[in-house]
Every structure is written in C-alpha cells, then in structure tokens.
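# Residue-level structure breakdown
One-letter residues, chain by chain:
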Amino acid sequence: MPIFDRSRSLFSKAQQYIPGGVNSPVRAFKAVGGDPLFIKSAKGAYVYDEDNNQYIELINSWGPMILGHSHEIIEKAVSEAIPRSLSFGAPTAKEVEIAALIVDMVPSIEKVRMVNSGTEATMSAVRLARGYTGKDKLIKFAGCYHGHGDSFLIAAGSGAMTMGIPNSPGVTEGTAQDTLLADFNDITSVRKLVETNKGQIAAIILEPVAGNMGCILPKEGFLQDLRKLCDEERIVLIFDEVMTGFRLAKGGAQELYGVTPDMTTLGKIIGGGMPVGAYGGKKEIMDFVSPVGPVYQAGTLSGNPIAMAAGYAILSHLNENSKIYEDLDRVTTKIVNGYRQNLEKLGLNYTLTQQGSMFCLFFTDQEVFDYNSASTSDTELFGKYFRSMLNQGIYLAPSQYEALFVSHAITDEIADRIIDANYQALKEIH
Ligand SMILES: *Cc1c(COP(=O)(O)O)cnc(C)c1O
C-alpha cells in the first residue's frame, strides 16, 4: 500500500490558501473520496507523487500528453525558445508556421486563431457564430463539456427540457435562456428545438465523440444528420475537438467520421502541455473576427512563443508519424479487450466504450449512448475501483465520467500490468 503523507499534508495546507485546495475542481478527488495526489514529476508512461510513489499514467494532463511525459522533442523546442524571451505580444514566425500546419492537418479549418485554453476557444467560437449569423441561440447536448463559459454551464436535466436552467450560481437566467439542450445521439431532439426556435439558432456545438461523460461514440449517421440540418437552417456547426483533435486522428474526429463542421475548437494536445487553445473554420466565418471583421476577440498572451514552440513540436511530430495513431489504437484495443476478458471471467457485465486512444469502463450493464444512459453507472462502485487501481499503481481520472487517455509511452508490457490491475480491482470490489 502506498503512503500518501506528503500529499496529505500539502493538501491540508493548500486548502488554507486555494479554494478547495485545487486550481480546477475535478483534481480534488471529491467524486471518489480521499485526498488528491500532489505530483512531483513525470516521464514517459509514469508519474511520481510527492511521496515518491510511481504510477502508470492514464490521465496525461487530461489529454495533452499523447506522446507521454517529458518527450524530448517538445522539451528541446521549449528550451530553444526560452532564451529568446518568454513573450512579446507581437506577431512571430512560429505562429504562422503552426497556423499553416493546423490548416493542413484539420480538414475543415481554412483560418485559425490561437487562444490560451479550450474554454476561450469555445466562448470565442460561439460569439463569432452569433456575430456571423446575427442569431442568438445555441444548441448544446446534455453531458457535453465545453469549458466553463457561462453559455455552456447549463444543467443536463431531462431530455425534454427546452429551456436552459443554469447549473452554476452566477450564470444569469438571460444567458441560460439562450442555451437549448438536446440529447446526444438523438437527432429528433435537435430537430424539435430547431422547429420551435425557427430562425433563431446561431450554432450547434458538440463533442463529436463525447469524452466528458465517460467516452460516448456518435451513432451511425448522427453527425451527418446534424450537418444536413445545419445546412438547411443556416446554423453554424461547431465541433468541439478540444479533446479529440489530434488524438483520434491527425485531423480529429471530423477526419475519422468524414463530417465537415463549419468551425472547430481545439485545445489540450495543441499545446503539448502548455496552455493553448484555438478556434478555426471557414474563411468566410473566420474573417468576421477582429481586426478584419466586427466580432471582437483578443489575448495578451495568445500565440505565446513558448506555447507555440511546444505546440508546433508536438503537432509536426504527429503529422509526420501517422504510425503513432495505429500504435495508440492497437494498445488501447488490447487494454479494452483485456478488460472485457476480465469482466467475463468474473461474470460481470459492465459496459466498455472505445474510440482510438480514448476509452471508458462504465459501471452499468446498460448500453451507453447519451447522458441519461451514462448516468445509470454505479459511481460509488467506481470510487472503490479507483482506490484499488491507485493502490496498485495505476493513476486513473478520479471520476466515472471521464474518458481515459492512452499515451504513446504505454507499451504492451505496461498494458498487461494495467489489465492485471483491472482484474484484481474488479475482484476486490465485488
Ligand atoms: C477540456 C475541454 C474543454 C475546456 O478546455 P480548458 O483548456 O480546460 O478550458 C472544452 N471542451 C472540451 C471538449 C474539453 O474536453
């Protein structure tokens, strides 16, 4: 059993000075119980906490570290950029290079604007869609996460709900009323909203593969149906690929599923571990952004030279080494198949989902295809499972409703250790 003394004492001190002791809520382990680990360092597939415990990494900074930690290519790019100063607030050559690379890699993007987080990307994209269409309303899907912008913090509620109710104090009713909720994988729920709000919908935003309510795949035809509906109604279709971009394929989920959105939001991998986001899309829409267009959006540190160096290094590495995606697919499939066999051996019938290097074990025996079906999971059991995995040296995301990310540093041997730990954990909690 690992000892967590230093993490525990750091957490108690942290709580004096930082709300909840953390700078982002999910880090607090509230959904699984216990105190969060304070991380000291990480290399490749392993992460080390302040008590010097070693873990196999399946969080990977919630996505960005797709190559594993402390990858030499990214470290080299950053070290070379540092002596030239950390920030200028002026255009740089690297920004042009990374923009051209993103346009090359992501099918739907003709022009792109860099920002500092996924949240900024989605907020800016929606403002732009509103400015461009001259319409106000937004359709989002229950269970999809688009960062913490006011318009996106709308309760899941029942699928029949047509008017948004804010699920965070501080989001005004006025803002919430412009966000309409549909059900993932249910085109009828979207059509109904479009009908009852005829001519008022500026944009539909979704995670094309949902990764913030576990991992949920779009059903056959769902993305295509959305594309068609948006074309018919002059609605801007936004794929939030902050998680899936550069992960599921070079060109993200849109490449994989062959559906072209009008706009795309990016984050996570795009910064290689630095705080970066981006939004892009059709020229015609992007040229509505200031200073060419009337929609305002800005950022003192946007396109920061260190962040761009890291981002360019990771994206060009992924672009030039397509085999990485085959490897990621193969190793993740191996883990998922291993889990499936473990479940069979133990006579359990839980649901597994996977798309490329994203996967999720839902503690429910129902098919999971939207927020409501995901919510049938036994989160208390997940908490026990999480603890058991942690004690065996596997660092999972501390919530049932997170996708797990496999990095390229996970070898077959490490995958076997994950599968063995999964068996032990499942056995222990039943
Ligand atoms: C993480 C995430 C965001 C928010 O990005 P931040 O960088 O945390 O602001 C937005 N959308 C999706 C799909 C995400 O996974």
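Residues take numbers from 1 onward in each chain, read along the sequence in its written order. In keeping with the model being predicted, local features are shown solely for residues with a pLDDT of at least 70 and side-chain atom pairs are shown and tallied solely at 80 or more, while totals for entire chains, interfaces and linings include all residues. As a rule here, side-chain values cover all heavy atoms of the structure and leave hydrogens and water aside.

### Digging into unusual backbone geometry
Spelled out, the test is: Runs of E in the DSSP output that reach at least two residues are strands. Runs of H or I that reach at least four are helices, and both are numbered from the N terminus. In this scheme, a residue with accessible area under 20% of its type's maximum is buried, one over 50% is exposed, and one in between is partly exposed, where area comes from a 1.4 Å probe on protein chains only.
For the bond from Ser290 to Pro291, the omega torsion is 10 degrees, close enough to zero to count as cis. Along the chain, Pro291 turns up in the loop between helix H9 (283-286) and helix H10 (305-320). Positive phi, close to 65 degrees, is recorded for Phe29, a residue that is not glycine. Relative to the elements of secondary structure, Phe29 occurs in the loop between helix H1 (5-17) and strand E1 (39-43). A residue is classified by how much of its surface remains accessible, and Phe29, at 2% relative accessible area, is buried. With phi around 70 degrees, Asn185 is a residue other than glycine that occupies positive phi space.

### With respect to the site of the ligand
Threshold: When at least one non-hydrogen atom of a residue lies within 4 Å of a molecule or strand, that residue is treated as near it. N or O atoms within 3.5 Å of each other form a polar contact, as long as, within protein, one can give a hydrogen and the other can take it, and as long as residues adjacent in sequence are counted only when both atoms are side-chain atoms. For every accessible area listed, the method is Shrake-Rupley and the probe measures 1.4 Å; residues are considered covered only by the protein chains on display. Three categories are distinguished: nonpolar for Ala, Val, Leu, Ile, Met, Phe, Trp, Tyr, Cys and Pro, charged for Asp, Glu, Lys and Arg, and polar for the others, with Gly belonging to the last.
Around the ligand, a shell composed of Ser117, Gly118, Thr119, Tyr145, His146, Gly147, Glu207, Asn212, Asp240, Val242, Met243 and Lys268 is seen. Backbone polar atom of Gly118 to an oxygen atom of the ligand: 2.9 Å apart, as the coordinates give it. Coverage of the ligand by the protein chains reaches 83% of its 380 Å² of free accessible surface. Class assignment for the residues of the shell around the ligand results in 3 nonpolar, 6 polar and 3 charged.

### Looking at the domain arrangement of the protein chain
Under the convention used in this document: The domain boundaries here were taken from an automatic or database domain assignment. In what follows, a contact means two residues having at least one pair of non-hydrogen atoms within 4.5 Å. Here the quantity called buried area is the total loss of accessible area, with a 1.4 Å probe, experienced by two parts when brought into contact, counted for both.
According to the domain assignment, the protein chain contains domain 1 (5-70 + 322-429) and domain 2 (72-320). Placing the centre of domain 1 and that of domain 2 at their C-alpha centroids yields a distance of 25 Å. Contacts between the two partners involve 31 residues from domain 1, matched on the other side by 36 residues from domain 2. Carbon and sulfur atoms make up 63% of the area that domain 1 and domain 2 hide from each other, which totals about 2,700 Å². Three residues stand out in domain 1 for area buried against domain 2, namely Tyr325, Gln355 and Met358, and they jointly supply 25% of the buried area on that side.

### Describing the sheet that holds strand E10 (residues 277-281)
The strands that make up a sheet pair up through hydrogen bonds in the backbone, lying either parallel or antiparallel. Rule in force here: Only strands joined by at least two bridges in the DSSP assignment are considered to pair. Axes here refer to lines fitted to C-alpha atoms; in helices the fit is confined to the stretch in contact. Angles between the N-to-C directions go from 0 to 180 degrees.
Judged by pairing direction, the sheet is mixed, and its 7 strands sit side by side in the order E4-E10-E9-E8-E7-E5-E6 without closing on themselves. Where the open sheet ends on each side, the last strands, each with one partner, are strand E4 (111-115) and strand E6 (179-182). Going across the sheet, the axis of each strand differs from the next one's by a mean of 20 degrees, ignoring polarity. With 3 bridges joining them, strand E8 (residues 236-240) and strand E9 (residues 263-266) adopt parallel strand pairing. The residue of E9 that forms the bridge with Asp240 is Thr265. Contacts between helix H3 (residues 93-105) and the sheet are confined to E4 and E9, with E4 contributing the most and set at about 125 degrees to the helix. Each of strand E5 (137-141), E6 and strand E7 (201-206) touches helix H6 (residues 187-196); the most contacted strand, E6, lies at about 150 degrees to it.

### Notes on the packing of H3 against H10
We count it as follows: By definition, turning the near helix anticlockwise from the far helix through less than a right angle yields a left-handed crossing, and turning it clockwise yields a right-handed one.
Contact geometry of H3 with H10 gives a least axis separation of 10 Å together with a crossing angle of 35 degrees. As for the relative orientation of H3 and H10, their crossing is left-handed in sense. Taking contact as the criterion, the partners of Lys94, Glu95, Glu97, Ile98, Leu101, Ile102, Asp104 and Met105 in H3 are, on H10, Met308, Ala309, Gly311, Tyr312, Leu315, Ser316, Leu318 and Asn319. For the contact of H3 with H10, the residue count by class is 9 nonpolar, 3 polar and 4 charged.

### Let's talk about the side chain of Thr353
Structurally, Thr353 can be placed in strand E11 (residues 351-355). Within polar-contact distance, the side chain of Thr353 engages the backbone oxygen of Cys215 at 2.6 Å.

### Some words on the pattern of salt bridges
Operational definition: The term salt bridge refers to a side-chain nitrogen of Lys or Arg lying within 4 Å of a carboxyl oxygen of Asp or Glu.
Taken as a whole and assessed by the stated rule, the structure comprises 16 salt bridges. Linking Asp287 and Lys111 is a salt bridge whose minimum nitrogen-to-oxygen distance equals 2.9 Å. One end of the pair, Asp287, is in the loop between H9 and H10; the other, Lys111, is in strand E4, with 176 residues separating them in the sequence. Judged by relative accessible area, which is 30%, Asp287 ranks as partly exposed. Lys111 gets classed as partly exposed once you look at its relative accessible area, which sits at 34%. With a shortest N-O distance of 2.7 Å, Asp262 and Lys282 are connected by a salt bridge. Of this pair, Asp262 sits in the loop between helix H8 (252-257) and E9 while Lys282 sits in the loop between E10 and H9, placing them 20 residues apart in sequence. Assessed through its relative accessible area of 35%, Lys282 is described here as partly exposed. Among the ionic contacts, a cluster of salt bridges with common partners joins Arg227, Asp231, Asp262 and Lys282.

### Considerations on the packing of aromatic side chains
Where we set the bar: Think of it this way: a Phe, Tyr or Trp ring, Trp meaning its six-membered ring, pairs with another when their centres are within 6.5 Å, and the plane angle makes it stacked under 30 degrees, edge-to-face over 60, tilted otherwise. Placement of a charge over a ring requires the Lys NZ or Arg CZ to be within 6 Å of the ring centre, with the centre-to-atom vector within 35 degrees of the ring normal.
Throughout the structure, instances matching the rule amount to 13 aromatic pairs. Taking the centre distance of 6.0 Å and the plane angle of 40 degrees together, the rings of Tyr55 and Tyr395 count as tilted. With a gap of 340 residues between them, Tyr55 in strand E3 (residues 54-57) and Tyr395 in strand E13 (residues 394-395) connect regions that are remote in the sequence. Just as Tyr55 is buried, Tyr395 falls in that class too. Aromatic side chains Tyr132 and Phe288 sit 5.5 Å apart centroid to centroid with 90 degrees between the ring planes, which places their arrangement in the edge-to-face category. Placement of the pair is Tyr132 in helix H4 (residues 118-133) and Phe288 in the loop between H9 and H10, with a sequence separation of 156 residues. Chaining the aromatic ring pairs together yields one cluster made of Phe29, Tyr350, Phe363, Phe382, Tyr385 and Phe386. The ring of Phe369 has Lys219 lying over it, and the distance from NZ or CZ to the ring centre is 4.1 Å. Geometry around Tyr423 places Lys345 over its ring, the cationic atom sitting 5.1 Å from the centre.

### Some thoughts on the confidence of the model for the protein chain
For the record, the criterion: You can read pLDDT as the predictor saying how much it trusts each residue, on a scale of 0 to 100.
Chain-level pLDDT for the protein chain is 95 on average; 97% of the residues reach the 70-or-more range. Predicted confidence is poor over residues 156-162, with pLDDT under 50, and the contacts of this stretch with residues over four places away or in other chains come to 8 contacts.

### Structural notes on the nonpolar core
Applied cut-off: Among the buried residues, those of types Ala, Val, Leu, Ile, Met, Phe, Trp, Tyr and Cys that are joined through side-chain atoms within 4.5 Å form a nonpolar core.
Within the largest apolar cluster, 77 residues are counted, with the highest numbers of intra-cluster contacts made by Ile102, Phe246, Leu315, Leu318, Tyr385 and Ile410. If you tally residues by element for this core, the top one is H10, at 9 residues. Two domains each provide a minimum of three residues to this core, namely domain 1 (5-70 + 322-429) and domain 2 (72-320). Phe246 has contacts with Ile66, Ile102, Met105, Val106, Gly252, Leu266, Ile269, Ile270, Leu315, Leu318 and Tyr325, leaving out every residue within four places of it along the chain. The next biggest cluster of nonpolar side chains, apart from the first, holds 37 residues, and it includes Leu223, Leu226, Ile235 and Ala374.

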